[in-house]
Amino acid sequence: MSALFELTFVCNHACSFCYNCPSGQREMTTAEICDALRKLAEFNVLYLTLSGGEPLVRKDFFEIGRAARALGFAIRIYTNGYLIDQAMAKKIKQIVNPLEMEISVHGAHPQTHDKLTCVPGSLARLIEGVRHLRAEGIKVNLKCPVTRNNQDEVLAIERLAGELGAHIQFDVVITPRDNGDKDPLALMATDEFLEKYWNDDAYATARKERVPQPRRDAPGEAVCGTGRSGLAIDPYGNIYPCVQLRRKAGNIKELNHLQEMWATSPVLIEVRKTAVDVAQRVLKESAAGDQCTSFCMGVAELQVGDATAMYPQAAKNAEFRKKAHANWEVEQNETAGDAGEVLGKRGA
Ligand code: SF4
Ligand code: SF4
């Protein structure tokens, strides 16, 4: 269904929690990328995400975008927005015509956003970039990883997105680096904030749920689509089950077509089974597993060395969600009790 293609690890930002870990190998050439796109199209991939690093730093970005469009993909672009001026926005529309652009925002104020990206002026450039994209009629999704540095700006970031005509998606889970370095986890939002985030009505639109609802996995259903509905490709051509689970299933440069790898790769077969096991067993056996909506096998593997083990971030968010749901149930019962009392009095 989908492929996420990291076109480069090069980036013009230096975010303190960036998960990318370039190994110094040669990144794919334009011809290699276009050939890989052809293989993805032959494999009937529908959604293609062009990502990085920062994909727009590639000099051949529009050559790649043109080839992707000609192959008929529904295209998304993940970017930090820094390079999008009016001319760039017009070119993106004319040449790539993406379904949407996804841009990471880290604060409502420069002192927060720019501090994290280590690039002065980056928030101002991002805001201008979004305005240019919206002027071209391109849908923009802003994505905000919530950290202890920006947690007090969540509502302001939500307002900013509204003013820009962009959608906004918050994520309270911070991931370790792809090499297992756990330093970024120190930036995780505080417990006080997480409790408020999952419980307080003020954050209902930010979390896109008025009340945290439990998981409802059907029998045999997997926890997520890793290795099942999509795949990820890094700038060296390595293929993974998804962006977070960096278990190599092959290299697209070495394959003539993807069908065989998709059907026979031991890595993909294994992660598909594990994803079912996590939904059907691990979460059911965990204390607040029914409220664990953010479990990621890739993060579990990086954080605790086992893709099927509950890890602290997921457990913590699940507990706060469960508590918020229980509070809501108490309120519902009290309201129902009050209504019953009124009706009882009227009846009497
Ligand atoms: S913009 Fe993205 S790729 Fe670039 S440094 Fe920040 S997190 Fe990493
Ligand atoms: S939840 Fe994690 S393991 Fe599953 S598809 Fe998403 S990134 Fe991959």
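The following refers to the structure shown. Residue positions are given per chain, counting from 1 as you read along its sequence in written order. Here chains are named by letter from A upward and ligands by number from 1 upward, in the order in which they appear as written. Local features in this predicted model are restricted to residues of pLDDT 70 or higher, and side-chain atom pairs are both shown and tallied only at a pLDDT of 80 or more, whereas totals for entire chains, interfaces and linings draw on every residue.

## Structural notes on the overall build of the protein
Put simply, DSSP H or I for four residues or longer makes a helix, DSSP E for two residues or longer makes a strand, and each gets a number counted from the N terminus. For the protein, the helix and strand inventory stands at 12 helices and 9 strands. Values of the radius of gyration come from C-alpha atoms, whereas the globule rule sets the reference at 2.2 Å times the count of residues to the power 0.38. Against the 2.2 N^0.38 benchmark of 20 Å for 348 residues, the protein shows a C-alpha radius of gyration of 22 Å, consistent with a compact globule. Overall, the protein is about 80 × 45 × 40 Å in size when its C-alpha atoms are taken along their principal axes.

## Let's talk about the environment of Leu4
On the secondary structure map, Leu4 appears in strand 1 (residues 2–6). Sequence-wise, Leu4 and Val57 are 53 residues apart; in three dimensions their C-alpha atoms are separated by 17 Å. Working definition of a contact: two residues with C-beta atoms, positioned from the backbone, lying within 7 Å. With near-sequence residues (within four places) excluded, Leu4 lies in contact with Thr49, Ser51, Gly230, Ala232 and Val243.

## Describing the sheet that holds strand 6 (residues 167–171)
Taking strand neighbours across the sheet as the criterion, the 9 strands line up as 6-5-4-3-2-1-7-8-9 in an open arrangement whose pairing is mixed. A single partner strand is all that each edge strand has here, and the edge strands are strand 6 and strand 9 (250–251). The angle between two axes is taken between their N-to-C directions and runs from 0 to 180 degrees, where each axis is a line fitted to C-alpha atoms and a helix contributes only its stretch in contact. Across the face of the sheet, helix 6 (residues 154–164) comes into contact with strand 5 (140–145) and strand 6 while running at roughly 155 degrees to strand 6. Two strands are counted as paired when DSSP detects at least two bridges linking them.

## Description of the site of ligand 1
Whether a residue is near a molecule or strand depends on its C-beta atom, generated from backbone atoms, being within 6 Å of that molecule or strand. Around ligand 1, the neighbouring residues are Cys11, His13, Ala14, Cys15, Cys18, Asn20, Gly52, Gly53, Glu54, Asn80 and Ser104. Three classes are used: nonpolar for Ala, Val, Leu, Ile, Met, Phe, Trp, Tyr, Cys and Pro, charged for Asp, Glu, Lys and Arg, and polar for all others, with Gly counted as polar. The residue inventory of the shell around ligand 1, partitioned by class, reads 4 nonpolar, 6 polar and 1 charged.

## Remarks on the packing of helix 4 (residues 110–117) against helix 5 (residues 122–135)
Two packed helices can be described by the angle between their axes and the distance between those axes. The contact between helix 4 and helix 5 brings their axes to 8 Å, and the two run at 105 degrees. Here helix 5 runs roughly perpendicular to helix 4, going by the angle between their axes. Touching Pro110, His113, Asp114 and Thr117 of helix 4 are Ser122, Leu123 and Ala124, all from helix 5. The residue makeup of the contact of helix 4 with helix 5, split by class, is 3 nonpolar, 3 polar and 1 charged. The cut-offs work like this: below 35 degrees is roughly parallel, past 145 is roughly antiparallel, 65 to 115 is roughly perpendicular, and the gaps in between are oblique.

## Some details on the pairing of strand 4 (residues 100–104)
Only one face of strand 4 is covered, namely the one carrying Met101 and Ile103; the face carrying Glu100, Glu102 and Ser104 has none of its residues buried. Strand direction decides the pairing type here: strand 3 (residues 74–79) and strand 4, joined by 4 bridges, are parallel. Looking at strand 4, one finds that Thr79 is bridged to Ile103. Handedness of a crossover: with both strands directed away from the viewer, a clockwise path from the first strand across the helix to the second marks it as right-handed. Taken together, strand 3, helix 3 (residues 86–96) and strand 4 constitute a β-α-β crossover, and its handedness is right-handed. One ladder, built from 4 bridges, connects strand 4 with strand 5; its direction is parallel. Residue pairing for strand 5: Met101 is matched across the bridge by Val140. Whether a residue is buried, exposed or partly exposed is read from the other C-beta atoms within 10 Å of its own C-beta, which are placed from the backbone; 20 or more gives buried, 12 or fewer gives exposed, and intermediate counts give partly exposed.

## Description of the environment of Ile75
On the secondary structure map, Ile75 appears in strand 3. For Ile75 and Asp191, which are 116 residues apart along the polypeptide, the C-alpha to C-alpha distance reads 37 Å. Excluding residues within four positions of it along the chain, Ile75 makes contact with Leu48, Leu50, Ala68, Arg69, Val96, Pro98 and Leu99.

## So, the pairing of strand 2 (residues 47–51)
Taken across its 5 residues, strand 2 has 4 buried, putting it largely inside the fold. Pairing of strand 1 with strand 2 involves 5 bridges; the strand directions are parallel. Note on strand 2: the bridge partner recorded for Ser2 is Tyr47. Examined bridge by bridge, strand 2 and strand 3 share 4 bridges and lie parallel to one another. Across the sheet, residue Leu48 finds its bridge partner in strand 3, namely Ile75. What joins strand 2 to strand 3 is helix 2 (residues 61–70), and the crossover it makes is right-handed.

## A few points about helix 1 (residues 30–42)
Expected helix span is computed as 1.5 Å times (number of residues minus one). Spanning 13 residues, helix 1 covers 18 Å between terminal C-alpha atoms, matching the ideal 18 Å at 1.5 Å per step. Here helix 1 has its buried residues at Ile33, Ala36, Leu37 and Leu40. The buried residues of helix 1 occupy one face: seen down the axis, they fall within an arc of 105 degrees. Buried residues along helix 1 sit against strand 1, strand 2, helix 2 and strand 7 (230–233). By definition, the arc is the one covered by directions from the helix axis to the C-beta atoms.

Read these as geometric descriptors, not functional statements.
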